[in-house]
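The residues making up each chain are set out below.
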Amino acid sequence: MQMRLSRSIVGASEAEAVRRVIEEDGYLGMGAETRRFEEELAAWLGVEPWQVITTNTGTAALTLAVDSLQAESRLPGRQGAVPKILVPSLTFVASFQAIVAAGCLPVACDVLPQTATLDLRDAEKRLDGDVIAIMPVHYASNPWHLDEVYDFARRKGLRVIEDAAHAFGCRHHGRKIGSFGDLVCFSFDGIKNITSGEGGCLVAFDRECAQRAADARLLAVEGDTRSRYAGTRTWTPDIKRLGWRFHLSNIMAAIGRVQLARLEPEFIPARRELAAQYASLLGGLPHLALLETDPEDFVVPHILPVRILDGRKEAFKAALEAQGIPTGVHYKPNHLHSFFAAGPLPLCEQLYDELVTLPLHPGLSREDVEAVCRAAREALI
Ligand SMILES: Cc1ncc(COP(=O)(O)O)c(C=O)c1O
């Protein structure tokens, strides 16, 4: 079978969960199954159920998080220029689009070459009175330096929105990502550490933000989450602000619940073992640098990008692809897109010239990883 860069790992138990919703419950929209998924996510993270707001994509979770802060910055007496958010340019375009969708301006920042995560010194240079928040991205599931981001935010009076799309299941100094912080956004799209088909969630640590986000995901119908979970509906609401259709359906939640149960026994060990095998086979190869990750941290890698140095990236990709090994690029820096044009950001651009993503998902065997590393060695030596 053709090797895949990434893949959904779903099967009979997910299919059975969907069958149960269709044949036994019969209500496909947001209801009891979504509530249960939120409760189980909350229990797994060690937070309260009101803190977890599931959404139909990770991008939607980010949009709700930004929207919630944007709404606060526009309270009477606080009106001013368009609020800005500091964000590393080397991220999926979703982070930038969510910021713009919720009425803010992304301020593209540079990254650290050894981790491809936000460079706080560069972010500090771009700080002005219109910046309301900072959005660290846990690139390749690495939350390293997160404490420093929170310290920086505290010192500068900023809110923090973690783009933790890659980082479900990871820990920072022993604590699960999403069990502490300010606003933390996960993605459950088809290839993430767990999937609900498409989906995501926001974990909020402030009741007002959580309430605003829960309402905004249901077209800003106040209290609609509570009504739906009670099996009722508000017929004559008064809408006071912007809202979206961002809720997660019972069908998607049913898939997510099965995946959450598979995370610790199956997905975490598989991803970590494959990544460790890659590290041992690729370490020391010429013209190749592994991204650094804090050895004390518990990283559950969603993707496996490596740096191919000395202008060899394109030849390296071509050599692997000639052997049927797919590769990817995470990411074209957002400041290079016409819509977000900014810069220059030299380290993002350097990494864009170097980064190649290798196959990683729990459906790979140890022999698959050996084959990729053999092809990498042949391409570089
Ligand atoms: C860094 C990052 N942010 C945000 C997202 C958006 O998540 P979703 O695809 O669930 O909308 C992704 C998804 O790939 C991502 O990788």
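Residues numbered from 1 in each chain as written. Predicted model: local features only at pLDDT ≥ 70, side-chain atom pairs only at ≥ 80, totals over all residues. Heavy atoms only, no water.

Re the overall build of the protein
Moving on, step 1. Scanning the protein for helices and strands turns up 12 helices and 12 strands.
Moving on, step 2. Counting only C-alpha atoms and orienting by the principal axes, one finds that the protein spans roughly 70 × 55 × 35 Å.
Moving on, step 3. With 381 residues in all, the protein has 57% of them scored as buried.
Moving on, step 4. Pairs at least 24 residues apart make up 71% of the contacts formed inside the protein by residues separated by at least 6 positions.
Moving on, step 5. With the model as given, the accessible surface of the protein reaches about 15,900 Å², and the carbon-plus-sulfur share is 52%.
Moving on, step 6. Charged side chains in the protein number 41 positive and 49 negative. The centres of these two groups are separated by 2 Å. (Helix = DSSP H or I, 4+ residues; strand = E, 2+ residues; numbered from the N terminus. Buried < 20%, exposed > 50% of the residue type's maximum accessible area, 1.4 Å probe, protein only. Contact = heavy atoms within 4.5 Å. Areas by Shrake-Rupley, 256 points an atom, 1.4 Å probe, with all protein chains shown as cover. Lys, Arg positive; Asp, Glu negative; His and termini not counted. Charge placed at Lys NZ, Arg CZ, Asp CG, Glu CD.)

Side note on the side chain of Arg271
Moving on, step 1. Tracing the backbone shows Arg271 in helix α9 (residues 250-282).
Moving on, step 2. Reaching out from Arg271, the side chain makes a polar contact with the backbone oxygen of Ile191 at a distance of 3.5 Å.
Moving on, step 3. At 3.1 Å, the side chain of Arg271 and the backbone oxygen of Pro301 are in polar contact.
Moving on, step 4. Residues in contact with Arg271, not counting those within four places in the same chain, are Ile191, Lys192, Asn193, Val300, Pro301, His302, Leu360, His361 and Pro362. (Polar contact = N/O pair within 3.5 Å; in protein donor to acceptor, adjacent residues only side chain to side chain.)

As for the domain arrangement of the protein
Moving on, step 1. For the protein, the assigned domains are domain 1 (12-256) and domain 2 (264-380).
Moving on, step 2. The gap between the C-alpha centroids of domain 1 and domain 2 is 26 Å.
Moving on, step 3. Counting residues at the interface gives 38 residues for domain 1 and 32 residues for domain 2.
Moving on, step 4. Taken over both partners, the interface formed by domain 1 and domain 2 buries close to 3,000 Å², and the fraction arising from carbon and sulfur atoms is 60%.
Moving on, step 5. On the surface where domain 1 and domain 2 come into contact, there are zero salt bridges.
Moving on, step 6. There are 18 residue pairs in polar contact (both at pLDDT 80 or more) connecting domain 1 and domain 2.
Moving on, step 7. Only α4 (93-101), β3 (105-109) and β6 (171-172) provide two or more residues apiece to the side of domain 1 that touches domain 2.
Moving on, step 8. At four residues, the largest contribution of residues to the side of domain 1 that touches domain 2 is made by α4.
Moving on, step 9. Taken together, the residues of the side of domain 1 that touches domain 2 break down into 21 nonpolar, 12 polar and five charged. (Domains from an automatic or database assignment. Buried area = accessible area lost by both parts, 1.4 Å probe. Salt bridge = Lys/Arg side-chain N within 4 Å of Asp/Glu carboxyl O. Nonpolar A, V, L, I, M, F, W, Y, C, P; charged D, E, K, R; others polar.)

Here's the deal with α4
Moving on, step 1. Taken together, the buried positions of α4 are occupied by Ala94, Ser95, Phe96, Ala98 and Ile99.
Moving on, step 2. Against α3 (58-73), β2 (84-88), β3 and β5 (159-163) lie the buried residues of α4.
Moving on, step 3. Phi for Gly103, located one or two positions after α4, is positive at around 80°.

Notes on the sheet that holds strand β10 (residues 288-290)
Moving on, step 1. Taken together, three strands build an open sheet; the order of strands is β10-β11-β12 and the sheet is antiparallel. The two strands at the open ends of the sheet, each matched to only one other strand, are β10 and β12 (355-358). Ignoring which end each strand starts from, the neighbouring axes of this sheet average 40° apart.
Moving on, step 2. On the sheet, helix α10 (residues 313-322) packs against β11 (304-308) and β12 and is oriented at approximately 20° with respect to β12. (Pairing = 2+ DSSP bridges. Axes fitted to C-alpha atoms, helices over the stretch in contact; angles between N-to-C directions.)

Regarding the packing of helix α2 (residues 32-45) against α9
Moving on, step 1. At a minimum axis separation of 7 Å, α2 and α9 run at an interaxial angle of 25°. Classified by the angle between their axes, α2 and α9 sit roughly parallel to one another. Like other packed secondary-structure pairs, α2 and α9 cross with a definite hand, here left-handed. Residues Ala32, Glu33, Thr34, Arg36, Phe37, Glu40, Leu41 and Trp44 of α2 touch α9, and the partners they reach there are Asn250, Ala253, Ala254, Gly256, Arg257, Leu260, Leu263 and Glu264.
Moving on, step 2. Among the residues making up the contact of α2 with α9, the classes are represented as eight nonpolar, three polar and five charged. (Parallel < 35°, antiparallel > 145°, perpendicular 65-115°, else oblique. Left-handed = near helix turned anticlockwise from the far one by under 90°.)

Some thoughts on the site of the ligand
Moving on, step 1. Residues in close proximity to the ligand total 17 residues, the closest being Gly58, Thr59, Asp163, Ser187 and Lys192.
Moving on, step 2. Between the ligand and Gly58, the relevant distance is 2.7 Å, taken from an oxygen atom to a main-chain nitrogen or oxygen of the residue.
Moving on, step 3. Between the ligand and Asp163 there is a distance of 2.7 Å, counted from a nitrogen atom to a side-chain nitrogen or oxygen.
Moving on, step 4. For the ligand, whose accessible area on its own is 380 Å², the fraction buried by protein is 92%.
Moving on, step 5. Residue assignment for the shell around the ligand shows that the elements contributing at least two residues are α3 and α4.
Moving on, step 6. Per element, the largest residue contribution to the shell around the ligand is three residues, and it comes from α3. (Near = heavy atom within 4 Å.)

Overview of the nonpolar core
Moving on, step 1. Counting 44 residues, the largest nonpolar core has Ile161 and Leu202 as its most contacted members.
Moving on, step 2. Of all the secondary-structure elements, those providing two or more residues to this core are α3, β2, α4, β4 (131-134), β8 (183-187), β9 (200-204), α7 (207-216) and α11 (346-354).
Moving on, step 3. Top contributing element to this core by residue count: α3, with seven residues. (Core = buried A, V, L, I, M, F, W, Y, C linked by side-chain atoms within 4.5 Å.)

Points about helix α12 (residues 366-380)
Moving on, step 1. Between its terminal C-alpha atoms α12 stretches 21 Å, which fits the 21 Å expected from 15 residues at 1.5 Å a residue.
Moving on, step 2. Among the residues making up α12, those that are buried are Val369, Val372, Cys373, Ala375, Ala376 and Leu380. Along α12, the residues classed as buried sweep out an arc of 160° about the axis, all on the same side. Every exposed residue of α12 that faces more than 90 degrees away from the buried side is listed here: Glu367 and Glu378.
Moving on, step 3. For α12, the secondary structure elements touched by its buried residues are α9, β10, β11, α10 and β12. (Expected span 1.5 Å × (residues − 1). Arc of directions from axis to C-beta.)

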